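# Working through the structure, step by step
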Amino acid sequence: MSISLVGIISVQVYWIKDAIKNKQQQFKNNVTIALARTSENIKEREYQEFAQTYNEFFENNQLRTDAEITTFLFQQVDTVSKKKFTFGNTILEESIKIPGEFVDNDSIVIKRYSGKEDIYFSQIIKSENKDFKAYLNENRYSLFKSYPSWNSEALEHAFRQSKSIFIPINQRISNKELNNTLKEEFAKMNITQDFKYVVYEDGLATQLKSGYFNIQPEDINYPLLEDEDGNSKYKLYVKFPNERKNLLSGMMKVLILSLFFIGIIIAAFSTSLYQLIRQKKISEIKTDFINNMTHEFKTPIATINLALDAIKNPKIISDEEKVKRYVQMIRDENKRMHGQVENVLRISRLEKNQLDISKDAVDMHDIIEEAIEHIQLLIDDRKGNVTTHFQAISSEVLGNQFHLTNVVVNMLENALKYSENAPKIDVFTESTNKYFIFKIKDEGIGMSRNAQKYVFDKFYREHKGNIHNVKGHGLGLAYVKEIIDNHHGTVYVESEKGKGSIFTVKLPLI
């Protein structure tokens, strides 16, 4: 189960990381496409403005400075069929001087191309009739042509060279234009996040920027205003301050759903493991309880059997005093077993709320003194002592005298049982505005931190294997806890192994 759980969580984490990585790559690709379109739009806009401004100079013959004529001639003769084909091409290359915004308002010379194509075809045709002579069939025509692609290329080349060399980037593009163009292109790619940009020229920042911009390796960039060979000295950098946050917010539903199901798996696994451990502990406690109960019942049953066997003896049955003594012994042992069974049933009825506990105003000092009287003979038998330290100003609580007396008796018996030498028990009382507090301190064997967590659980006794040097079923403190809870109080223990324990009870005052 553990390996499967780790595997499932690992696969989920890998899938989430891979999904985020793919989303980031897709976002980066979309931004790069938008930057490429921005660069192309600005480049095209700049050239179109130039072409419209200087188109009239380009078409004006008055600005022509000189011209060169280039002639191409192609001829093909077929002597068999008496055919002749001639193609002649004359190209006129004119230099046009265009004034413009160049260095010191100087002009630039642009080449303009036009031409003429001459086509000639002739064939000598012989007649089948000998009475007719052969005659010449010929066709000749000319075409005047312009070369717009050559002219446009020449104009754009001159424009690009002049702009890139002489005019700063911030005079060619404004921050407003660049920002608006970026917004439009990002919107086309469904990118609506806030962004920052800067244009660098040969590694140095220009005035084209949206504010403070510190270049990082992960920032997306694209060349701006490339030449015919794809080279550019300008780079447009863009970053998105809230990129990761927006990216995660877009995937939040899927992430939350995935984490939710991972949480369910972990919770189910943890609950199963907890229940498994808890059931194991309960099984151990119940096994220990059965062993203890068997041990506790074994002695009185054996005593009763021996007493019955003795009574059957003819010598004993005639002795009235001995018979009475054995009968009393049987009654005492039976009463002892009955008390043990009654403890189990009382706890069961308490848990099911079947035990009716009537409550009256009682004095806790009186109850504590009465409980001490109940166990005084046992204390004297062990040569021990119980010392009271009554410091409570108010001691009246709303409770049941019988059950509260049993609570104190059980706690005192517990302190007595777990004292190896002569028991030394101290009982302290104090009061606050709302509570009556009493503490029972012993100098017994104490208990571990783990035992303190479960000491008030039914049937629980600190696990010592099948050793029964201390009699009991783990019911006394469970009974204490149930009665104190029924009286809306609290009980807890402080203990250290080998140094004794302090049981504290808080009950609300009237």
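Everything discussed here concerns the structure shown above.
Summarised in this report is the structure supplied together with it. Just so you know, these numbers come straight off a predicted model, no measurement behind them. (Residues numbered from 1 in each chain as written. Predicted model: local features only at pLDDT ≥ 70, side-chain atom pairs only at ≥ 80, totals over all residues. Heavy atoms only, no water.)

Moving on: the packing of helix α10 (residues 401-417) against helix α12 (residues 476-486). Packing of α10 against α12 brings their axes to within 9 Å, and their N-to-C directions diverge by 145 degrees. Crossing hand, α10 versus α12: left-handed. Seen from α10, the contacting residues are H403, L404, N406, V407, N410, M411 and N414; seen from α12, they are G476, L477, Y479, V480, I483 and I484. Here the residues of the contact of α10 with α12 sort into 8 nonpolar, 5 polar and no charged. (Axes fitted to C-alpha atoms, helices over the stretch in contact; angles between N-to-C directions. Helix = DSSP H or I, 4+ residues; strand = E, 2+ residues; numbered from the N terminus. Left-handed = near helix turned anticlockwise from the far one by under 90°. Contact = heavy atoms within 4.5 Å. Nonpolar A, V, L, I, M, F, W, Y, C, P; charged D, E, K, R; others polar.)

A contiguous nonpolar surface patch, about 400 Å² in accessible area, is contributed by L257, F260, F261 and I264. Its location among the elements puts I264 in helix α6 (residues 252-312). (Patch = residues over 30% accessible without salt bridge, like charges linked within 9 Å, V, L, I, M, F, W, Y side chains within 5 Å. Areas by Shrake-Rupley, 256 points an atom, 1.4 Å probe, with all protein chains shown as cover. Salt bridge = Lys/Arg side-chain N within 4 Å of Asp/Glu carboxyl O.)

What follows deals with the environment of G211. Mapped onto the secondary structure, G211 falls in the loop between β6 (204-209) and β7 (220-224). Residues G211 and Y197, spaced 14 residues apart in sequence, show a C-alpha to C-alpha distance of 7.9 Å.

What follows covers helix α9 (residues 364-381). Helix length check: α9 (18 residues) gives 26 Å between terminal C-alpha atoms against 26 Å at 1.5 Å per residue, within 8%. Buried residues of α9: M364, H365, I367, I368, A371, I372, I375 and I379, and no others. Its side-chain oxygen at 2.8 Å from the backbone nitrogen of H365, D363 defines the N-terminal cap of α9. Of the residues flanking the end of α9, it is K383, one or two places downstream, whose phi is positive at about 55 degrees. (Expected span 1.5 Å × (residues − 1). Buried < 20%, exposed > 50% of the residue type's maximum accessible area, 1.4 Å probe, protein only. Polar contact = N/O pair within 3.5 Å; in protein donor to acceptor, adjacent residues only side chain to side chain.)

By the secondary structure assignment, N414 is in helix α10. You can call N414 buried: its relative accessible area is 14%. Once residues lying within four places of it in the same chain are set aside, the contact partners of N414 are L477 and F503.

To continue, consider the sheet that holds strand β13 (residues 435-441). If you trace the 5 strands from one edge of the open sheet to the other, you get β10-β12-β13-β15-β14, paired in mixed fashion. Where the open sheet ends on each side, the last strands, each with one partner, are β10 (385-390) and β14 (490-496). Within this sheet the neighbouring strands show an average axis-to-axis angle of 15 degrees, counted without direction. As paired strands, β14 and strand β15 (residues 500-508) are joined by 7 bridges and run antiparallel to one another. Bridged to V493 within β15 is F503. (Pairing = 2+ DSSP bridges.)

So far we have only geometry, and geometry alone does not tell us how the molecule works.
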